[in-house]
Amino acid sequence: MRRYRVVFALLVLVCASTLGYSYVSSPANAAVTTYERQADLPADERTAVFPATGNVTVVAGHGMKGESAALVAFGPEGRVLYHNDTFHGYFDVDPVKGTETTVEYVAERDYDGDDCNGKCTVSVVERLNLTTGEIERIYSRVIPADRGANWHDVDRLGENRLLVGAINTDEMYVVNTTTGMTTWEWSTKQAYPISGGGPYPADWAHLNDVERLPDGRYMTSLRNQDAVVFVDRRTGVQENWTLGSDGAHQILYEQHNPDYIPESEGGPAVIVADSLNDRLVEYQRVNGSWEQSWVWSDDEMKWPRDADRLPNGNTLVADTNAHRVLEVDETGAVVWEAPFYAPYELERLGTGDESAGGPSAVAADLDSRVTDSTDRDGNTTSVAGYTPRKVSNSISFVLPVWMGLSDAGAAVLLVLSALAWAGLEYRHSSVSLSFQWPVRRE
């Protein structure tokens, strides 16, 4: 019995030590605390905690169930310029044209107002002056929580018009923010059968991105159909332009935030955070079809959800489940990286909206880079629609900010060891159970 006690004691001690060390030493956990503390200091007392980038960099953090979700702006020298954790998820963030430090962002949080029947969330578009901290509510809607995620992206079309990507209704629509009237809408159900994608209707298409193209078309990302879709406002989907297809994971696998690069910058091309392939990928339009022209990944990359091409050819990246943001240069080398819990999107002000001012990989002659042996081309075994990479990323997403997969394993082992030890001690105690009816203690 003593031998077993020693074994269980060692297991508990090792597992507890592992978890304690991870909690204390987690870069993302420490960063969350540091950014918040710096924001509470007077501006002249703040120190550089982020790489110097030469301009303001804004990071929108998704968080998980309200944990550590934040919108943080860093000044040119790396000091915290702004911090806000009012919402339990921040998503799209765009510069406001004609301003230097004003952005519009999309966010959501729980809602329990009288106009909600049951559990609801509210999705908002707000305009923020990073210098003064002034916030203006532009548009919002209350949405039943049983419809899954709400809005992840909104694109401004004019002074009072927004193109909204509504995950909760699997559609994109144009709304007049002055009147609140919807002036145009397109539903995924107009072009795709409900037999594909995710579970219907709660999270079927997961339409997570919208963008108006220079020629007036709209581009959208249907995450659960593994496709980037081009829509003519009058005639609907342009099928010969669609990039990817449901289940064709070698092309795209539950992607986020595709950016269109026009002919003037070496396109047509689309740069995408190919999330469940754990890579960034770009496709070039050649003779009426899409050809892969660039790919980037490293050993750390895990479920990236944003990639913005900068005018100098560098690429900004939000690597969600690796809890980091980084910048990659034309040779594929990492210029800098910084910890950030579950980043969804980031924006470098002064470089245009997302990838608007950036060249295509072909025009800039970018070097591709894949440094590990992991299969990044989507050729993976699937069971009931789930692949090993999808399972591991789903687990990573719901874990606390400081806990990795190995820590989760240690936590499970700790619980099992403690239960087994307790059971063993009880079995060898002087108290036993007599399983007769009624149950009585002897």
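Below or above, wherever it landed, is the structure these notes cover.

Rules used in this analysis
- Residues numbered from 1 in each chain as written.
- Predicted model: local features only at pLDDT ≥ 70, side-chain atom pairs only at ≥ 80, totals over all residues.
- Heavy atoms only, no water.
- Phe/Tyr/Trp six-rings, centres within 6.5 Å; stacked < 30°, edge-to-face > 60°.
- Helix = DSSP H or I, 4+ residues; strand = E, 2+ residues; numbered from the N terminus.
- Buried < 20%, exposed > 50% of the residue type's maximum accessible area, 1.4 Å probe, protein only.
- Lys NZ or Arg CZ within 6 Å of the ring centre and 35° of its normal.
- Patch = residues over 30% accessible without salt bridge, like charges linked within 9 Å, V, L, I, M, F, W, Y side chains within 5 Å.
- Areas by Shrake-Rupley, 256 points an atom, 1.4 Å probe, with all protein chains shown as cover.
- Salt bridge = Lys/Arg side-chain N within 4 Å of Asp/Glu carboxyl O.
- Lys, Arg positive; Asp, Glu negative; His and termini not counted.
- Charge placed at Lys NZ, Arg CZ, Asp CG, Glu CD.
- Pairing = 2+ DSSP bridges.
- Axes fitted to C-alpha atoms, helices over the stretch in contact; angles between N-to-C directions.
- Disulfide = S-S within 2.5 Å.
- Expected span 1.5 Å × (residues − 1).

**Observations regarding the packing of aromatic side chains**
Okay, step 1: According to the stated counting rule, one finds 14 aromatic pairs in the structure shown.
Okay, step 2: Ring centres 5.2 Å apart and planes at 65 degrees place the aromatic pair Phe 50 and Trp 336 in the edge-to-face group. Of this pair, Phe 50 sits in the loop between α2 (27-40) and β1 (57-61) while Trp 336 sits in strand β23 (residues 334-339), and the two are 286 residues apart along the sequence. Summarising the burial analysis for this pair, Phe 50 and Trp 336 share the class buried.
Okay, step 3: Connected via pairs of aromatic rings, a cluster forms that spans Tyr 35, Phe 50, Phe 74, Trp 336 and Phe 340.
Okay, step 4: Over the ring of Phe 87 we find Arg 109; its NZ or CZ atom is 4.4 Å from the centre of that ring.

**Examining a positive patch on the surface**
Okay, step 1: Together, Lys 97, Arg 161, Arg 212 and Arg 233 line one region of the surface with positive charge.
Okay, step 2: In this fold, Arg 212 is placed in strand β12 (residues 207-212).
Okay, step 3: Classification of Arg 212 by relative accessible area gives partly exposed; the value is 36%.

**Digging into the pattern of salt bridges**
Okay, step 1: This structure, assessed with the given rule, holds 14 salt bridges.
Okay, step 2: The closest approach of N and O atoms between Asp 298 and Arg 324, which form a salt bridge, is 2.8 Å. With a gap of 26 residues between them, Asp 298 in the loop between β19 (289-297) and β20 (304-309) and Arg 324 in strand β22 (residues 324-328) connect regions that are remote in the sequence.
Okay, step 3: Taking relative accessible area as the criterion, Asp 298 reaches 9% and is therefore assigned buried.
Okay, step 4: Salt bridges sharing common partners tie together Asp 298, Glu 300, Asp 319, Arg 324 and Glu 337.

**Considering the sheet that holds strand β21 (residues 315-319)**
Within a sheet, each strand pairs with its neighbour through backbone hydrogen bonds, oriented either parallel or antiparallel.
Okay, step 1: Sheet architecture is open: four strands sit in the order β20-β21-β22-β23, paired in antiparallel fashion. At either margin of the open sheet sits one strand with a lone partner, and together these are β20 and β23. If you compare each strand with its neighbour and ignore which way they point, the axes differ by 15 degrees on average.
Okay, step 2: With five bridges joining them, β20 and β21 adopt antiparallel strand pairing. Each bridged residue has a counterpart across the sheet, and for Asp 308 the counterpart in β21 is Leu 316.

**A short note on the state of the cysteines**
Okay, step 1: By the definition in use, this model includes one disulfide.
Okay, step 2: The side chain of Cys 116 participates in a disulfide bridge whose partner is Cys 120; the two sulfur atoms lie 2.0 Å from each other. Measuring the twist about the S-S bond at about 95 degrees, one finds the Cys 116-Cys 120 disulfide to be right-handed. With respect to class, Cys 116 is no different from Cys 120; both count as buried.

**Some thoughts on the pairing of strand β24 (residues 343-348)**
Okay, step 1: With six of six residues buried, β24 lies mostly within the body of the structure.
Okay, step 2: For β1 and β24, the ladder comprises five bridges, and the chain directions are antiparallel. The partner of Ala 60 across the bridge, within β24, is Glu 345.

**Section: the sheet that holds strand β25 (residues 369-370)**
Okay, step 1: Read from one edge of the open sheet, five strands run β16-β17-β18-β19-β25, paired in mixed fashion. Sheet topology places β16 (256-261) and β25 at the edges, where each strand pairs with a single neighbour.
Okay, step 2: As paired strands, β19 and β25 are joined by two bridges and run parallel to one another. Within β25, the position partnered with Ser 297 by the bridge is Val 370.

**Structural notes on α2**
Residue pairs spaced three or four apart in an α-helix point in one direction, given the helix's 3.6 residues per turn.
Okay, step 1: With 14 residues, α2 extends 20 Å between its outermost C-alpha atoms, agreeing within 8% with the 20 Å of an ideal straight helix rising 1.5 Å per residue.
Okay, step 2: For α2, every residue scored as buried is listed here: Ala 28, Asn 29, Ala 31, Tyr 35 and Gln 38.

**Considerations on unusual backbone geometry**
Okay, step 1: Cis geometry is found at the peptide bond from Tyr 200 to Pro 201, where omega equals 5 degrees.
Okay, step 2: Tracing the backbone shows Pro 201 in the loop between β11 (182-187) and β12.
Okay, step 3: In this model, Gly 267 is joined to Pro 268 through a cis peptide bond whose omega is 5 degrees.
Okay, step 4: When you line up the elements, Pro 268 lands in the loop between β16 and β17 (269-274).
Okay, step 5: Of note, Asp 365 is a non-glycine position whose phi angle comes to about 55 degrees, a positive value.
Okay, step 6: The topology assignment puts Asp 365 in the loop between α3 (361-364) and β25.

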